[in-house]
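Tertiary structure, described
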Amino acid sequence: MIITKKWDEILKAEIEKDYFLKMLKQLEIEYQNNIVFPQKEEIFNAFRLTDYDNLKVVILGQDPYHGEGEAEGLAFSVKENIKRPPSLRNIFKEIKNDLNIDRENNSLKDWASQGVLLLNAILTVQKDTPLSHKHLGWELFTDEVIKTIDKKDTPVVFILWGNYAKSKKALITNKKHYIIEGSHPSPFSANRGFFGTKPFSKTNEFLEKNNIEGIRW
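Just so you know, these numbers come straight off a predicted model, no measurement behind them.

What follows deals with the sheet that holds strand 5 (residues 157-161). The sheet built from four strands is open, its strands ordered 3-2-5-6 with parallel pairing. In the strand order of this sheet, the two ends are held by strand 3 (116-120) and strand 6 (178-182), each with one partner. On average, each strand axis in the sheet is inclined to that of its neighbour by 20 degrees, with strand direction left out of account. Both strand 2 (residues 57-61) and strand 3 contribute to a ladder of five bridges, which runs parallel. Within strand 3, the residue paired with Val58 across the bridge is Leu117. Against the sheet, helix 7 (residues 138-150) contacts strand 2, strand 3 and strand 5, and its axis sits at roughly 155 degrees relative to strand 3. Set on the sheet, helix 9 (residues 199-209) makes contact with strand 2, strand 5 and strand 6; between it and strand 5 the angle comes to about 165 degrees.

Shown next, in the form of structure tokens:
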């Protein structure tokens, strides 16, 4: 088993491809020779915590946080005892603005367990070196994940923040799904089309309209 039994079945053709197997071998070397995040056993946390059959929402990130101890295998999420990064701080500000919810826990595992796939396009990173694993082949894999989710019969909300995430919009063609776009929650862009977009209430309105339980943000 590479990811989980269910995801392995769904992605069988992809995880048996040469590039993927080569990437796993390369990662072994990376973890031996460098400081790499997240921890090896947490690489596929997004899949382990969000069951395919219960998947309701995809929030797409680029690559993991690269600071010491931050990444836990979920896009935008950090471990509970870690200082809140600026992008996550802005996400929580928008939740407060949108739904009047005050979040305290920096880990988004509770979202993942409700069916929110917090998917980074690149699943690993070398310490203090953003996009250092861009060359490994992760995007081939996660593009295929997006295409596979796009085939689901049940409606899914795709939340795309920032130009990189928006570039994946072409992979989402199923009219059953709902795409929410906005600026990245980074301090550099949050005031230019992230704050005030109300993605959390829009997500729940769409899910509930389709007789799917909303997310407890």
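Structure's up, so let's keep going.
A few words on the pattern of salt bridges. Applying the stated criterion across every chain, the model contains 13 salt bridges. We note a salt bridge from Lys6 to Asp53, for which the minimum N-O separation is 3.5 Å. Residue Lys6 is found in helix 1 (residues 5-10), and its partner Asp53 is found in the loop between helix 4 (45-49) and strand 2; the two are separated by 47 residues along the sequence. Looking at Lys6, the relative accessible area reads 30%, which means it is partly exposed. Lys127 is the partner of Glu68 in a salt bridge, and the nearest nitrogen-oxygen pair spans 3.3 Å. Residue Glu68 is located in the loop between strand 2 and helix 5 (86-99), and its partner Lys127 is located in the loop between strand 4 (125-126) and helix 7; the two are separated by 59 residues in the primary sequence. Of the residues examined, Lys127 reaches a relative accessible area of 28% and is grouped as partly exposed.

Our next topic: helix 9. When helix 9 is considered as a whole, its buried residues turn out to be Pro199, Phe200, Ser201, Thr203, Asn204, Phe206 and Leu207. Where helix 9 is buried, its residues contact strand 2, helix 5, helix 6 (109-113), strand 5 and strand 6. Phi for Asn211, located one or two positions after helix 9, is positive at around 60 degrees.

Before going further, it helps to examine the side chain of Thr142. Within the secondary structure layout, Thr142 lies in helix 7. Apart from residues lying up to four places away in sequence, Thr142 is in contact with Leu119, Asn120, Ala121 and Leu123.

With that settled, consider the packing of aromatic side chains. By the definition in use, this model includes 17 aromatic pairs. Measuring from centroid to centroid gives 5.6 Å for Phe76 and Trp161, while their planes differ by 75 degrees, and the two rings are edge-to-face. Linking Phe76 in the loop between strand 2 and helix 5 with Trp161 in strand 5, this pair joins segments that are 85 residues apart in sequence. Side by side, Phe76 and Trp161 carry an identical accessibility label, which is buried. When the centroid spacing of 5.2 Å and the interplanar angle of 85 degrees are considered together, the rings of Trp161 and Phe194 count as edge-to-face. Within this pair, whereas Trp161 is found in strand 5, its partner Phe194 is found in the loop between strand 6 and helix 9, the two being separated by 33 residues in sequence. Of the residues examined, Trp161 reaches a relative accessible area of 3% and is grouped as buried. Judged by its relative accessible area of 0%, Phe194 falls in the buried class. A network of ring pairs unites the aromatic residues Trp7, Tyr19, Phe20, Phe44, Phe47, Tyr52, Trp138 and Phe141 as a single cluster. In this arrangement the basic side chain of Lys152 is found over the ring face of Tyr52, its NZ or CZ atom lying 4.0 Å from the centre.

Moving on, we get to the packing of helix 3 (residues 18-33) against helix 7. Between helix 3 and helix 7, the shortest axis-to-axis distance is 10 Å and the interhelical angle comes to 130 degrees. Compared by their axis directions, helix 3 and helix 7 come out oblique. Between helix 3 and helix 7 the crossing geometry is left-handed. Of helix 7, the residues touching helix 3 (which contributes Tyr19, Phe20, Met23 and Leu27) are Trp138, Leu140 and Phe141. Split into classes, the residues belonging to the contact of helix 3 with helix 7 amount to seven nonpolar, no polar and no charged.

Calculation criteria
Residues numbered from 1 in each chain as written. Predicted model: local features only at pLDDT ≥ 70, side-chain atom pairs only at ≥ 80, totals over all residues. Heavy atoms only, no water. Pairing = 2+ DSSP bridges. Helix = DSSP H or I, 4+ residues; strand = E, 2+ residues; numbered from the N terminus. Axes fitted to C-alpha atoms, helices over the stretch in contact; angles between N-to-C directions. Contact = heavy atoms within 4.5 Å. Salt bridge = Lys/Arg side-chain N within 4 Å of Asp/Glu carboxyl O. Buried < 20%, exposed > 50% of the residue type's maximum accessible area, 1.4 Å probe, protein only. Phe/Tyr/Trp six-rings, centres within 6.5 Å; stacked < 30°, edge-to-face > 60°. Lys NZ or Arg CZ within 6 Å of the ring centre and 35° of its normal. Parallel < 35°, antiparallel > 145°, perpendicular 65-115°, else oblique. Left-handed = near helix turned anticlockwise from the far one by under 90°. Nonpolar A, V, L, I, M, F, W, Y, C, P; charged D, E, K, R; others polar.

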